[in-house]
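Structural characterization, general
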Amino acid sequence: APSQLATPKQRPPPPPQHRLHRERGSKTMADESGTNPPSQENAASAPSTGPIAATPTAEEETRRSPLAGLPAQDRADALFRPRPPSDPSYGAGVEILAPMVRASTAPLRSLALSYGADLTYTEEIIDRSITSCDRVVNDELGTVDYVKNVSSFSRKVKDRMRKRGEVPVVLRIVPEAERGRLIYQMGTGESNLALPAALHVQADVDGVDINMGCPKKFSVSGGMGSALLSDPKRACDIIKTLRRNLEVPVSAKIRLLKDDASTVDFVRSLVQAGANAIAIHAREGGDA
């Protein structure tokens, strides 16, 4: 948590905080399954009217993550493992800002990095929510924004957004601060939905994490989150599919199962499926 990052380390170039913090908290719109996903990064300021691109431009490619090009497991080791003895910070461990719904947006992630975090997660974003977004290079803020296509919104919602100058930014990334240190956490229950979402964002993140621990109704009712703990076959299929098709590491965040043996068996099945890293939230699936 940010409160544990008491003393700033070497700070990255600060993002335009005065604009990044102009995000409006609001009730979320239901996704295609009818469930309520985690909040969007509803920005009060619209991205500039630059080109909408599905993939990074040639200029952006020159500013890719320093981990780009490494094998997936080497990239995961660089992100998650404690520093080697040769590193000046050896023994300091790895400071990670965990994914938090309606919290782990660009301002908090950037702030955590400025106070010494080595790695941050996005909040959980549902697969279909990110797949339906346009990738927009926001030159004004120096960010990459994944913006919801409003064509499916009701006229009333469109009018309200227009009057308030709102743009439905689902995910905002600050490459200058987050390059080489950002994991996209996905809410998904099926490999055929997970893959297009992961392919859509992988050029802008350093890893894709599958949420297998959320016990909330919106997640479990869609076969996501902790519902995957009781369905290892489906969980492993998601991991296998992503590992076969992605360049970035694939990880999972899980909770404890009913006993130690069941937890270890589940972890082993994910490792055999190809997971590059596994984070364990040491509470059981039914815990709030």
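Bear in mind that the values here come from a model prediction, so they are computed numbers and not experimental data. (Residues numbered from 1 in each chain as written. Predicted model: local features only at pLDDT ≥ 70, side-chain atom pairs only at ≥ 80, totals over all residues. Heavy atoms only, no water.)

Side note on the pairing of strand β10 (residues 250–256)
Test applied: Partly exposed residues are those whose accessible area sits between 20% and 50% of the maximum for their type, while under 20% is buried and over 50% is exposed, using a 1.4 Å probe and protein chains only. Only runs of H or I of at least four residues qualify as helices and only runs of E of at least two qualify as strands under DSSP, and these elements are numbered from the N terminus. We call two strands paired when DSSP finds no fewer than two bridges between them. Looking down the strands as they point away from the viewer, one classifies a crossover as right-handed if the path from the first strand across the helix to the second runs clockwise.
With six of seven residues buried, β10 lies mostly within the body of the structure. As judged from the five bridges shared by strand β9 (residues 208–212) and β10, these two strands associate in the parallel manner. Counted as the bridge partner of Ile 210 is Ala 252 from β10. Note: β10 against strand β11 (residues 277–284), six bridges, orientation parallel. Paired with Ser 251 across the bridge in β11 is Ala 277. Of the crossover connections in this fold, the one passing from β10 over helix α11 (residues 260–273) to the parallel β11 is right-handed.

Here we look at the confidence of the model for the chain
Parts of the model with low pLDDT should not have their predicted coordinates read in detail. To be explicit about the condition: Confidence of the predictor in every single residue is expressed as pLDDT, which spans 0 to 100. Residues are treated as being in contact if the distance between any of their heavy atoms lies within 4.5 Å.
Averaged over all residues, the pLDDT of the chain equals 81, while 75% of them reach at least 70. Scored below 50 in pLDDT, residues 14–40 makes 64 contacts in the model with residues more than four places away or belonging to other chains. In this model residues 42–53 is a low-confidence stretch, pLDDT under 50, and it forms 43 contacts with partners more than four residues away in sequence or in other chains.

Brief notes about the pattern of salt bridges
Any two side chains of opposite charge can pair, given that their charged atoms come close. Note the cut-off: The term salt bridge refers to a pairing of a side-chain nitrogen on Lys or Arg with a carboxyl oxygen on Asp or Glu at a separation within 4 Å.
Per the stated rule, a full pass over the model turns up seven salt bridges. Between Arg 172 and Asp 145 there is a salt bridge, with the nearest N and O atoms lying 2.8 Å from each other. Remark: Asp 145 occurs in strand β6 (residues 143–148) and Arg 172 occurs in strand β7 (residues 167–173); sequence separation between them is 27 residues. For the pair Arg 172 and Asp 145, a shared accessibility class is recorded, and that class is buried. A salt bridge links Arg 162 to Asp 159; its shortest N-O distance comes to 2.8 Å. Taken together, the residues span about one helical turn, with Arg 162 and Asp 159 both in helix α6 (residues 155–164) at a distance of three residues. Residue Arg 162 is classed as exposed on the basis of its relative accessible area of 59%. Since its relative accessible area comes to 29%, Asp 159 is described here as partly exposed.

Examining the environment of Asp 237
The criterion, for reference: Identification of polar contacts relies on pairs of N or O atoms within 3.5 Å, with a donor-acceptor requirement for protein atoms, meaning one able to donate a hydrogen and the other able to accept it, and with residues adjacent in sequence counted only if both atoms are side-chain atoms.
The residue Asp 237 is located in helix α10 (residues 232–245) in this model. Sequence-wise, Asp 237 and Ala 273 are 36 residues apart; in three dimensions their C-alpha atoms are separated by 7.5 Å. Of the polar contacts made by the side chain of Asp 237, one reaches the side chain of Ser 191; its length is 2.7 Å.

Side note on the environment of Gly 207
Along the polypeptide, Gly 207 turns up in the loop between α8 (191–201) and β9. Judged by relative accessible area, which is 1%, Gly 207 ranks as buried. With residues up to four places along the chain from it excluded, the contact list for Gly 207 reads Leu 182, Ile 183, Tyr 184, Val 248 and Pro 249.

Focus: the nonpolar core
One recurring pattern in soluble globular proteins is that nonpolar side chains are buried together. Note the following rule: We define a nonpolar core as any set of buried Ala, Val, Leu, Ile, Met, Phe, Trp, Tyr and Cys residues linked to one another through side-chain atoms lying within 4.5 Å.
The biggest cluster of nonpolar side chains holds 37 residues, and the ones touching the most others in it are Met 212, Leu 242 and Leu 270. Only β6, β7, β8 (182–187), α8, β9, α10, β10 and α11 provide two or more residues apiece to this core. If we ignore the near neighbours within four places in the chain, the residues touching Met 212 are Gly 225, Ser 226, Leu 228, Leu 229, Ala 235, Ile 239, Ala 252, Lys 253, Ile 254, Arg 255, Phe 266 and Leu 270.

Focus: the packing of α10 against α11
Stated formally: To get an axis, a line is fitted to the C-alpha atoms, and for a helix only the part in contact is used. The angle between two axes follows their N-to-C directions and goes from 0 to 180 degrees. The scheme is simple: roughly parallel for angles under 35 degrees, roughly antiparallel for over 145, roughly perpendicular for 65 to 115, oblique for anything else. For a crossing to be left-handed, the near helix must be turned anticlockwise from the far one by less than a right angle; the clockwise case is right-handed. Throughout this entry, Asp, Glu, Lys and Arg are counted as charged residues, while Ala, Val, Leu, Ile, Met, Phe, Trp, Tyr, Cys and Pro are counted as nonpolar. The remaining residues, Gly among them, count as polar.
At a minimum axis distance of 8 Å, the contact between α10 and α11 shows a crossing angle of 30°. Relative to α11, the element α10 is oriented roughly parallel. The interaxial crossing formed by α10 with α11 has right-handed handedness. Contacts from Pro 232, Ala 235, Cys 236, Ile 239 and Lys 240 in α10 reach Phe 266, Ser 269, Leu 270 and Ala 273 in α11. Of the residues belonging to the contact of α10 with α11, the class tally is seven nonpolar, one polar and one charged.

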